[in-house]
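# Chain and residue survey
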Amino acid sequence: MKKLSLLALVIVLVFSMAACGGGSGSDSGDQGTNTAQTGGDEPANSDAKLKVGVSMPTKSLQRWNQDGDNLKKQLEEKGYEVDLQYAGDNEIPMQVQQLENMITGGCNVLVVAAIDSNQLGSPMEQAKEKKIPVIAYDRLIMNSDAVSYYASFDNTKVGEAQGQFIVDALKLDTEKGPFNIELFTGDPADNNVNFFFGGAMSVLQPYIDNGVLKVPSGQTEKAQCSTEGWNTEKSQARMENLISAQGYGPSGTKLDAVLSSNDSVAQGITNALVGTAGYTKDDFPILTGQDCDVASMKNMLKGLQAMSIFKDTRQLAEQTVKMVDAVLQGNTPETNNNEDYDNGTGIIPSYLCDPIPCTIDNYKELLIDSGYYQESELQ
Ligand code: BGC
């Protein structure tokens, strides 16, 4: 009889625990366990899920689709409702509208990868009025004090690694040259460009100054080297112009290297170097990139791009989700850089993930072994 009542007690306990959803590794951000400041006007209660607005700049570049997918998946795993929006193909008014909808739609926190770092003033004001915290994602939002935190990669390190790759590949410390190089960066409205281009030029400039590197076009300013929208067709068109103006080609003017701040820009450069100038893998200029896009990895395997930078977007999403959790609980998120990113209203506390240079020698370990891509995707 005693045994029977003990069994009954155990059964009752097990059932009541299951009904509460208790114990099953539920995380701090899970609905129902969140008792903290929620941001926005909606009260946190055990029935309503906290809602995270995620605003991505474009559907047309591979990385933002990955970023959006990773964020949505990881946030949903934590029990959040996610309103994920892509602003068409870098359409600023659409991004503004989508953010306004997220704010009126009751999002408790916003995660924003800005198209133009300076054009989100109005929705940022609205977020601030409603006390909705904003986390700038990958790209810092400038001149707004609504931005609470910034999660990104170390963007200066990206540029420095691209510059250093060219220095090493051409042996600029020991060879006399002169080596010819042309310079490409991304959208001038993207704050990251200052860090990518600035980082790369801090490494390359001394070699330009001592004459070992030459930029035959003379185009060395950010404004001259930028690529609106990080657009592949635009970088292709500029490279085609440089080829015809300078006579670059395997049997024409020697082109030793092209600095490109990312892969979508590098793909346009490759198209021009192959299609217009007639370069092949045997004489291809050293070309840099960033993101490890599938298209660029395929070029790398064919000898038509020397390097890229691996930015594991799963890691960035993970770090951002931690920030979301902390902010929604009224805690201070972990940051690791509180000096480099001033958005014009002061330093924005940042968490910077580590970018890793990727070449034919380590791509398997970085991309395939880590499950980022299947080998078959790169064929
Ligand atoms: C990102 C890069 C990306 C570029 C174009 C930058 O802000 O940091 O990873 O290649 O935008 O989308």
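Cut-offs and rules
- Note that residues are indexed from 1 along each chain, following the sequence as it is written.
- The predicted nature of this model means local features are confined to residues of pLDDT at least 70 and side-chain atom pairs, given and counted, to a pLDDT of 80 or more, with totals for whole chains, interfaces and linings taken over all residues.
- Only hydrogens and water are set aside; all other atoms, that is, all heavy atoms of the structure, feed into the side-chain values.
- Any residue with a heavy atom lying within 4 Å of a molecule or strand is counted as near it.
- N or O atoms within 3.5 Å of each other form a polar contact, as long as, within protein, one can give a hydrogen and the other can take it, and as long as residues adjacent in sequence are counted only when both atoms are side-chain atoms.
- Calculation of accessible area relied on Shrake-Rupley with a 1.4 Å probe; when residues are assessed, cover is drawn exclusively from the protein chains displayed.
- Strands here mean DSSP runs of E at least two residues long; helices mean DSSP runs of H or I at least four residues long; both are numbered from the N terminus.
- Each residue is assigned to one of three groups, with Ala, Val, Leu, Ile, Met, Phe, Trp, Tyr, Cys and Pro labelled nonpolar, Asp, Glu, Lys and Arg labelled charged, and all others, Gly among them, labelled polar.
- Domains are outlined according to an automatic or database domain assignment.
- The predictor attaches a confidence to each residue, and that confidence, scored 0 to 100, is pLDDT.
- Pairs of residues are marked as contacts when any of their non-hydrogen atoms sit within 4.5 Å.
- Per-residue accessibility, obtained with a 1.4 Å probe over protein chains only, is compared with the maximum for each type, and a residue is labelled buried under 20%, exposed over 50%, and partly exposed between these values.
- Viewed with both strands pointing away, a crossover whose connecting path from the first strand over the helix to the second turns clockwise is right-handed.
- Just to be clear on terms, a salt bridge is a Lys or Arg side-chain nitrogen sitting within 4 Å of an Asp or Glu carboxyl oxygen.

### Quick look at the site of the ligand
Close to the ligand lie 13 residues; R63, D138, R139, D190 and D291 are nearest. Between the ligand and the protein, one listed contact pairs an oxygen atom with a side-chain N or O atom of R139 at 2.7 Å. Between the ligand and the protein, one listed contact pairs an oxygen atom with a side-chain N or O atom of K311 at 3.0 Å. For the ligand, the accessible surface in isolation is 310 Å², of which the surrounding protein chains cover 100%. Sorting the residues of the shell around the ligand by element identifies α2 (62-77) and α6 (192-209) as the ones contributing at least two each. In terms of residue class, the shell around the ligand is made up of 4 nonpolar, 3 polar and 6 charged. For the shell around the ligand, the domains that each give at least three residues are domain 1 (51-153 + 312-353) and domain 2 (155-311).

### Focus on the confidence of the model for the protein
Interpretation of this model should avoid reading the predicted coordinates in detail wherever pLDDT is low. Here the protein shows a mean pLDDT of 89. Residues at 70 or above account for 88%. For the stretch residues 1-46, pLDDT sits under 50, and the model shows 49 contacts to residues farther than four places along the chain or on other chains.

### Describing the pairing of strand β3 (residues 109-112)
Judged by which residues are buried, β3 turns out to be covered on both faces: V109 and V111 on one side and L110 and V112 on the other are all buried. Taking the sense of rotation as the criterion, the β-α-β connection linking β3, helix α4 (residues 121-129) and strand β4 (residues 134-137) turns out right-handed.

### Overview of the pattern of salt bridges
Counted under the stated rule, the structure contains 13 salt bridges. Between D138 and R63 there is a salt bridge, and its shortest N-O distance comes to 2.9 Å. A residue pair is termed long-range when its members are at least 10 positions apart, and D138 in the loop between β4 and β5 (147-153) and R63 in helix α2 qualify at 75 residues. Between R314 and D312 there is a salt bridge; the shortest N-O distance is 2.9 Å.

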